[in-house]
Amino acid sequence: MELLFLRDEDMRQAQDLLMVACRAFTGVIDSALQEYGLGHAHHRIMQAVALQPGIAVGALLDVLGITKQSMSRALGELLAMGALRQETAPEDRRKRRLYLSPHGAEIESHLFSLQREVLLRVYRKAGGKAVAGFRRVMRGLIAESDMPGVSTDSFSSPDRSSR
């Protein structure tokens, strides 16, 4: 077993790197989002729906960790522009299930491709062991969280089709 000595400076650096990396990674799609007339909230909704087609609105709130009011505007805009479609759940008519429309799947796929290119370059530079370590760290951070709807189980290869 490898000994790991971590000082407060190391923890501060990790926190700073996560914050800056998150901003840089989301910034990759800023100009494309602007062209579509969308913001990061729209992208997060589309990404979550792509990962879990048929997700209920309530579950989406839990996954995103935002208030109903915050999600309502962006969700309404995505529905109005035809990027998402909603269906009444057959098992409970009060629940609405969300899916990407073909138009929404096209937008989400384009945004994903922009970020995928960055990940490919960075992963190739870092190497397989570093990528495996990165994934362990990210899954560990998720596992440490007690946020409802968030689990490492939901991070398998998604079906990104619009169904």
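Refer to the structure above for everything that follows.
Given the structure is predicted, the values throughout are model-derived calculations rather than measurements. (Residues numbered from 1 in each chain as written. Predicted model: local features only at pLDDT ≥ 70, side-chain atom pairs only at ≥ 80, totals over all residues. Heavy atoms only, no water.)

## A closer look at helix α5 (residues 68–80)
Line of reasoning, step 1. Counted at 1.5 Å a residue, the expected span for α5 with its 13 residues is 18 Å, and the 18 Å between its end C-alpha atoms agrees.
Line of reasoning, step 2. Regarding α5, the residues found buried are M71, A74, L75 and L78. All buried residues of α5 project into a common sector of 100° when viewed along the axis, lining one side. Turned more than 90 degrees off the buried face of α5, the exposed positions are Q69 and A80.
Line of reasoning, step 3. Residues of α5 that are buried sit in contact with α3 (40–51), α4 (57–64), β2 (84–89) and β3 (92–100). (Helix = DSSP H or I, 4+ residues; strand = E, 2+ residues; numbered from the N terminus. Expected span 1.5 Å × (residues − 1). Buried < 20%, exposed > 50% of the residue type's maximum accessible area, 1.4 Å probe, protein only. Arc of directions from axis to C-beta. Contact = heavy atoms within 4.5 Å.)

## Brief notes about the packing of aromatic side chains
Line of reasoning, step 1. Under the definition given, this model contains one aromatic pair.
Line of reasoning, step 2. Geometrically, the ring pair formed by Y123 and F134 is edge-to-face, given 6.3 Å between the ring centres and 65° between the ring planes. With a gap of eleven residues between them, Y123 in helix α6 (residues 102–126) and F134 in helix α7 (residues 128–144) connect regions that are remote in the sequence.
Line of reasoning, step 3. Of the residues examined, Y123 reaches a relative accessible area of 24% and is grouped as partly exposed.
Line of reasoning, step 4. Judged by its relative accessible area of 38%, F134 falls in the partly exposed class. (Phe/Tyr/Trp six-rings, centres within 6.5 Å; stacked < 30°, edge-to-face > 60°.)

## Let's talk about the nonpolar core
Line of reasoning, step 1. I45, L60 and M71 are the most contacted members of the largest nonpolar core, which has 25 residues in total.
Line of reasoning, step 2. For this core, the secondary structure elements donating two or more residues are α2 (30–36), α3, α4, α5, β3 and α6.
Line of reasoning, step 3. Looking at this core element by element, the count peaks at five residues for α3.
Line of reasoning, step 4. With sequence-adjacent residues up to four places away left out, M71 is seen in contact with I45, V57, L60, L61, L64 and I66. (Core = buried A, V, L, I, M, F, W, Y, C linked by side-chain atoms within 4.5 Å.)

## Overview of the packing of α3 against α6
Line of reasoning, step 1. Between α3 and α6, the shortest axis-to-axis distance is 10 Å and the interhelical angle comes to 100°. Taken together, the axis directions place α3 and α6 in an arrangement best described as roughly perpendicular. Only G104, I107, E108, L111 and Q115 of α6 make contact with α3, whose side of the interface consists of H43, M46, Q47 and A50.
Line of reasoning, step 2. A breakdown of the residues in the contact of α3 with α6 according to their chemical character gives four nonpolar, four polar and one charged. (Axes fitted to C-alpha atoms, helices over the stretch in contact; angles between N-to-C directions. Parallel < 35°, antiparallel > 145°, perpendicular 65-115°, else oblique. Nonpolar A, V, L, I, M, F, W, Y, C, P; charged D, E, K, R; others polar.)

## Let's talk about the pairing of β2
Line of reasoning, step 1. Where β2 lies against β3, six bridges are found, and the strand directions are antiparallel. Looking at β3, one finds that E87 is bridged to R97.
Line of reasoning, step 2. The turn linking β2 back onto β3 is made up of two residues. (Pairing = 2+ DSSP bridges.)

## Structural notes on the sheet that holds strand β1 (residues 55–56)
Hydrogen bonds between backbone groups are what pair the strands of a sheet, and the pairing can be parallel or antiparallel.
Line of reasoning, step 1. With antiparallel pairing, the three strands of this open sheet are ordered in space as β1-β3-β2. The strands lining the two open edges of the sheet, one partner per strand, are β1 and β2.
Line of reasoning, step 2. Bridging between β1 and β3 involves two bridges; their strand directions are antiparallel. Its bridge partner lying in β3, I55 is registered against L98.

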